Amino acid sequence: MSTQMFEGKGHAAVYQKYRFAPGKELQQTILAYLQEKKAIPAELVVDVGCGTGQGTRFLAEHFKKVVGTDISEAQIQEAKETLSMPNVSYLVCPAEELPFPDASVDVLASFTAAHWFDIEKFMKEVQRVVKPGGCVAISTYTVDMSVRYGDCSEKLTKIFKECWDQILKYSHNRLKFVLENYKSIFEALPFPDKKRITDIYDGIPMTVEGVVGYMESASPYQTFMKKDPEAAKSLLQETEKRMLETMGVSSRETPVEFWVRHVCVLGCK
């Protein structure tokens, strides 16, 4: 069964506020692959482990019918409450028990979620529900991140990484799938036609508040909060203060560019 780390309403609200949609380079990589494999147009696209729907809404811009699924009721509730397109719906279910008939899904996607699944059981479901000729796109952003602003990008990234490294000490062991660039997930995908891309870089427009909020939304930070709430809050407050001082600004709404590296596993049945 999936590892459940995003259950609480408070965490889901933070997730909805601060998690960003797939970046342009990742979007283009996925769409170009689906075009190449003639998976576009598609009747039914499923976003597994959709969280609060950031990836689902991207897919809805390009496909006729998109269903987002997640094991967390709180995450799905947040997704439903966010303004969405009429071709999107959401379901609460485990990634390993998808409520779709055999060979009924044209495209199955998953953004920054597959490392939480029971990989063996999930791949059996992928094999079952995806149509012959259908495709999958399973991606995650990695822990390789940087913050860019004017001529102080290097200093800002150092401050960010010092905080991020503290947070990552509380990581679940399933982060290993991300650290190995989804190699195990790629190998487990039961399609002969598949590839893994590990160097997709995206600059996400954010603010200082958004960067700090992203760290707050991360599952290791939530674990840190449960163990030592005062230390966890203090770490983010101090990090934000240091970033603002380095930038020479006072507003946490100051725009920055948040650079992330994506890994993407693509396959065609």
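Along each chain, residue indices are assigned from 1 in the same order as the chain's sequence is written. Predicted model: local features are reported for residues with pLDDT of at least 70 only, side-chain atom pairs are reported and counted for 80 or more only, and whole-chain, interface and lining totals are derived from all residues. Computation of side-chain values covers all heavy atoms of the structure but excludes hydrogens and water.

### Details of the UniProt feature "domain: Methyltransferase type" (unreviewed entry) in the protein
At step 1: Those places that UniProt annotates as "domain: Methyltransferase type" (unreviewed entry) correspond, in this numbering, to residues 46-138.
At step 2: Secondary structure is summarised from DSSP: a helix means a run of H or I of at least four residues, a strand means a run of E of at least two, and numbering begins at the N terminus for each. A helix fraction of 29% and a strand fraction of 31% characterise residues 46-138, whose end C-alpha atoms lie 11 Å from each other. UniProt positions are given in the numbering used here, feature names are shortened, and annotations may be inferred rather than shown by experiment.

### Section: unusual backbone geometry
At step 1: Between Ile40 and the following residue, Pro41, the backbone shows a cis peptide bond with an omega angle of 0 degrees.
At step 2: One non-glycine residue with positive phi stands out, namely Lys38, at about 60 degrees.
At step 3: With respect to the secondary-structure elements, Lys38 resides in the loop between helix H2 (24-36) and strand S1 (45-48).
At step 4: Unusually for a residue other than glycine, Thr112 sits at a positive phi of about 50 degrees.
At step 5: If you trace the backbone, Thr112 turns up in the loop between strand S4 (105-111) and helix H5 (119-129).

### What to know about H2
At step 1: Multiplying one less than the number of residues by 1.5 Å gives the expected span of a helix. Its 13 residues place the ends of H2 18 Å apart at the C-alpha level, agreeing with the 18 Å of an ideal helix rising 1.5 Å per residue.
At step 2: If you check which residues of H2 are buried, you get Leu26, Gln27, Thr29, Ile30, Leu31, Tyr33 and Leu34.
At step 3: On its buried face, H2 sits against helix H3 (54-60), S4, strand S5 (130-148), strand S6 (193-207) and strand S7 (255-268).
At step 4: In the segment just after H2, Lys38 is the residue with positive phi, at about 60 degrees. With a 1.4 Å probe rolled over the protein chains alone, any residue whose accessible area is under 20% of its type maximum counts as buried; one over 50% counts as exposed, and the rest are partly exposed. By the convention used here, residues are in contact when the closest approach between their heavy atoms is within 4.5 Å.

### Regarding the state of the cysteines
At step 1: What counts as a disulfide here is a pair of cysteine sulfur atoms lying within 2.5 Å. The full count for this structure, using the stated rule, is zero disulfides.
At step 2: You can see Cys135 has no disulfide; the closest cysteine sulfur is in Cys268, sitting 3.8 Å from it.
At step 3: For Cys135, a relative accessible area of 0% translates into the label buried.
At step 4: Unpaired in terms of disulfides, Cys163 finds its nearest cysteine sulfur in Cys152, a separation of 17 Å.
At step 5: For Cys163, a relative accessible area of 2% gives the class buried.

### Digging into the sheet that holds S5
At step 1: Between any two strands, at least two bridges found by DSSP are needed for them to pair. The strand order S3-S2-S1-S4-S5-S7-S6 describes an open sheet built from seven strands, whose pairing is mixed. The sheet is open, and its two borders are formed by strand S3 (88-92) and S6, each paired with just one other strand. Between one strand axis and the next, the sheet turns through 20 degrees on average, direction left out of account.
At step 2: In the sheet, S1 pairs with strand S2 (residues 66-70) via four bridges, with the strands oriented parallel. To obtain each axis, a line is fitted to C-alpha atoms, and for helices this fit is confined to the stretch in contact; angles are then taken between N-to-C directions over 0 to 180 degrees.

### Some points on helix H11 (residues 229-247)
At step 1: Here H11 is 19 residues long and its end C-alpha atoms lie 27 Å apart, about the 27 Å a rise of 1.5 Å per residue gives.
At step 2: The set of residues buried in H11 consists of Ala232, Leu235, Leu236, Thr239, Glu240, Met243, Leu244 and Met247. The buried side chains of H11 occupy one side of the element, clustering within an arc of 155 degrees when seen end-on. Opposite the buried face of H11, by more than 90 degrees, sit the exposed residues Glu230, Gln237 and Glu245.
At step 3: Immediately beyond the C-terminal end of H11, within one or two residues, lies Gly248, with a positive phi of roughly 75 degrees. It is the directions from the helix axis to the C-beta atoms whose arc is reported.

### Focus: the nonpolar core
At step 1: Leu108, Phe122, Val126 and Tyr182 are the most contacted members of the largest nonpolar core, which totals 31 residues.
At step 2: Here this core gets five residues from one element, more than from any other, and that element is H5.
At step 3: Not counting chain neighbours up to four residues away, the residues in contact with Tyr182 comprise Thr112, Ala113, Ala114, His115, Ile138, Ser139, Thr140, Phe177, Arg196, Val263 and Val265.
At step 4: Counting residues in each nonpolar core, the second largest holds 30 residues, with Ile167, Val212, Phe224 and Met243 among its members. Here the nonpolar core consists of buried residues drawn from Ala, Val, Leu, Ile, Met, Phe, Trp, Tyr and Cys, with membership extended through side-chain atoms lying within 4.5 Å.

### Thoughts on the packing of helix H6 (residues 153-168) against H11
At step 1: Orientation of H6 relative to H11, taken along the N-to-C sense of each, is 175 degrees, at an axis distance of 9 Å. Comparing their axes, H11 and H6 come out roughly antiparallel. The segment H6 lies against H11, with Lys155, Leu156, Ile159, Glu162, Cys163, Gln166 and Ile167 engaging Leu235, Leu236, Thr239, Arg242, Met243, Thr246 and Met247.
At step 2: Charged means Asp, Glu, Lys or Arg here, nonpolar means Ala, Val, Leu, Ile, Met, Phe, Trp, Tyr, Cys or Pro, and polar covers whatever is left, Gly included. Among the residues forming the contact of H6 with H11, the class breakdown is eight nonpolar, three polar and three charged. Small angles under 35 degrees read as roughly parallel and large ones over 145 as roughly antiparallel, with 65 to 115 read as roughly perpendicular and the rest as oblique.

### Digging into the pattern of salt bridges
At step 1: The rule for a salt bridge is simple: a side-chain nitrogen of Lys or Arg has to be within 4 Å of a carboxyl oxygen of Asp or Glu. This structure, assessed with the given rule, holds 13 salt bridges.
At step 2: Salt-bridge contacts for Lys131 lead to Asp106; the nearest nitrogen and oxygen are separated by 3.2 Å. Here Lys131 is found in strand S5, whereas its partner Asp106 is found in strand S4, with 25 residues between them in sequence.
At step 3: Since its relative accessible area comes to 14%, Asp106 is described here as buried.
At step 4: Note that Arg252 is salt-bridged to Glu209, the shortest N-O span being 3.6 Å. Taken as a pair, Arg252 in the loop between H11 and S7 and Glu209 in helix H9 (residues 208-217) lie far apart in primary sequence, 43 residues in all.

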